[in-house]
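# Results of the structural survey
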Amino acid sequence: MIDTLRLTAEEAAGLLERGEVSGDELADSYLEAIEARDSELHAYLHVVGERGEGVPIAHKDVITTKGIPTTAGSRILEGYTPVFDSTVAARCKAAGLPIIGKTNLDEFAMGSSTENSAYGPSHNPWDPERVPGGSSGGSAAAVAGGLAPWALGTDTGGSVKQPASLCGVVGLRPTYGTVSRYGIVAFASSLDQVGPITKTVRDNARLY
């Protein structure tokens, strides 16, 4: 039994490297956690559950993913399935990180609570009566709630740092230009940055 609520991405990688669990078993543990709790948290818009030998990752649903819906939390893009990967999705794929799902957000990342998603709000895992912050609230809630070992969000004016703070996890807004924005649904392209959301600083450095 894998305790996804407390497991860090570094610890998950260790389990895989030592052969204590398979990639399928690790992915299944997170899918079971999603099935058990996401009806309460609504962290995900699309559950994918890709298989692989790496640590699964969740992507905020402004990150373009080939063959997987990308809605930016809006009905405008409902049904849109990209034919290419964003650079960050391609790099995660190249690193062997299977996509577990696409996370909820304020529509087109315009908000700070994830209450403005066209698909309904996300909730804070520590108190579902409270917001998880935003706009990357789904990614922060997924990591804090044990529904993903780590996740990517985007930050224009605090949309990684603020939900990470509200959910008690670690969020980083990288220096402008260090992480490619190619394939990201833009809010303000000269300000948008893709950043990691993780349980620990070590996990954050590893994903960054």
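Residues numbered from 1 in each chain as written. Predicted model: local features only at pLDDT ≥ 70, side-chain atom pairs only at ≥ 80, totals over all residues. Heavy atoms only, no water.

### Some details on the overall build of the protein
- Looking only at helices and strands, one finds six helices and six strands in the protein.
- Counting from the amino terminus, the protein carries its helices and strands in the arrangement α-α-β-β-α-β-α-β-α-β-β-α.
- Taken over the C-alpha trace, the protein has a radius of gyration of 15 Å; the compact-globule value for 208 residues is 17 Å, and the two agree within 12%.
- Judged by the C-alpha coordinates and their principal axes, the protein covers about 45 × 35 × 30 Å.
- In the protein, the share of contacts with a sequence separation of at least 24, taken over all contacts with a separation of at least 6, comes to 67%.
- Of the roughly 8,700 Å² of accessible surface on the protein, a fraction of 53% belongs to carbon and sulfur atoms.
- In the protein, 17 side chains carry a positive charge and 25 a negative one; their mean positions are 7 Å apart. (Helix = DSSP H or I, 4+ residues; strand = E, 2+ residues; numbered from the N terminus. Rg over C-alpha atoms; globule rule 2.2 N^0.38 Å. Contact = heavy atoms within 4.5 Å. Areas by Shrake-Rupley, 256 points an atom, 1.4 Å probe, with all protein chains shown as cover. Lys, Arg positive; Asp, Glu negative; His and termini not counted. Charge placed at Lys NZ, Arg CZ, Asp CG, Glu CD.)

### A closer look at the pattern of salt bridges
- Across all of its chains, the model carries twelve salt bridges by this definition.
- Among the ionic pairs, Arg-6 bridges to Asp-3, the shortest N-O distance being 3.1 Å.
- Judged by relative accessible area, Asp-3 falls into the partly exposed class, the value being 38%.
- Note that Glu-17 is salt-bridged to Arg-206, the shortest N-O span being 3.7 Å. Highlighted residues: Glu-17 in helix H1 (residues 9–17) and Arg-206 in helix H6 (residues 201–207), separated in sequence by 189 residues. (Salt bridge = Lys/Arg side-chain N within 4 Å of Asp/Glu carboxyl O. Buried < 20%, exposed > 50% of the residue type's maximum accessible area, 1.4 Å probe, protein only.)

### Quick look at the packing of aromatic side chains
- Enumeration according to the criterion identifies one aromatic pair in this entry.
- Judged by centre distance (5.7 Å) and plane angle (50°), the rings of Phe-84 and Tyr-182 are tilted. Taken as a pair, Phe-84 in the loop between strand E2 (57–60) and helix H3 (87–94) and Tyr-182 in the loop between strand E5 (170–171) and strand E6 (193–198) lie far apart in primary sequence, 98 residues in all.
- You can call Phe-84 partly exposed: its relative accessible area is 30%.
- Given a relative accessible area of 51%, Tyr-182 falls into the exposed group. (Phe/Tyr/Trp six-rings, centres within 6.5 Å; stacked < 30°, edge-to-face > 60°.)

### So, empty space enclosed by the protein
- In this structure the tally under the stated criterion is one cavity of 30 Å³ or more.
- Lining of the largest cavity is provided by Val-62, Ala-109, Thr-154, Thr-156, Ile-184, Val-185, Phe-187 and Asp-192.
- Of the residues belonging to the lining of the largest cavity, the class tally is five nonpolar, two polar and one charged. (1 Å grid on protein atoms, 1.4 Å probe; cavity = no way out; pocket = protein on both sides within 12 Å on 5 of 7 lines; lining within 4 Å. Points joined across faces, edges and corners; volume = space filled by probe spheres on them. Nonpolar A, V, L, I, M, F, W, Y, C, P; charged D, E, K, R; others polar.)

### Observations concerning helix H4 (residues 137–144)
- In terms of residue burial, H4 counts as a mostly covered element, since eight of its eight residues are buried.
- Among the residues of H4, those classed as buried are Gly-137, Gly-138, Ser-139, Ala-140, Ala-141, Ala-142, Val-143 and Ala-144.
- Backbone geometry just after H4 places Gly-146 at a positive phi near 75°.

### Let's talk about the sheet that holds E2
- With mixed pairing, the six strands of this open sheet are ordered in space as E1-E3-E2-E4-E6-E5. Strands at the two margins of the open sheet, each flanked by one partner only, are strand E1 (44–47) and E5.
- Here two bridges tie E2 to strand E4 (residues 150–155), and the two strands are oriented parallel to one another. By the bridge assignment, His-59 is partnered in E4 with Leu-152. (Pairing = 2+ DSSP bridges.)

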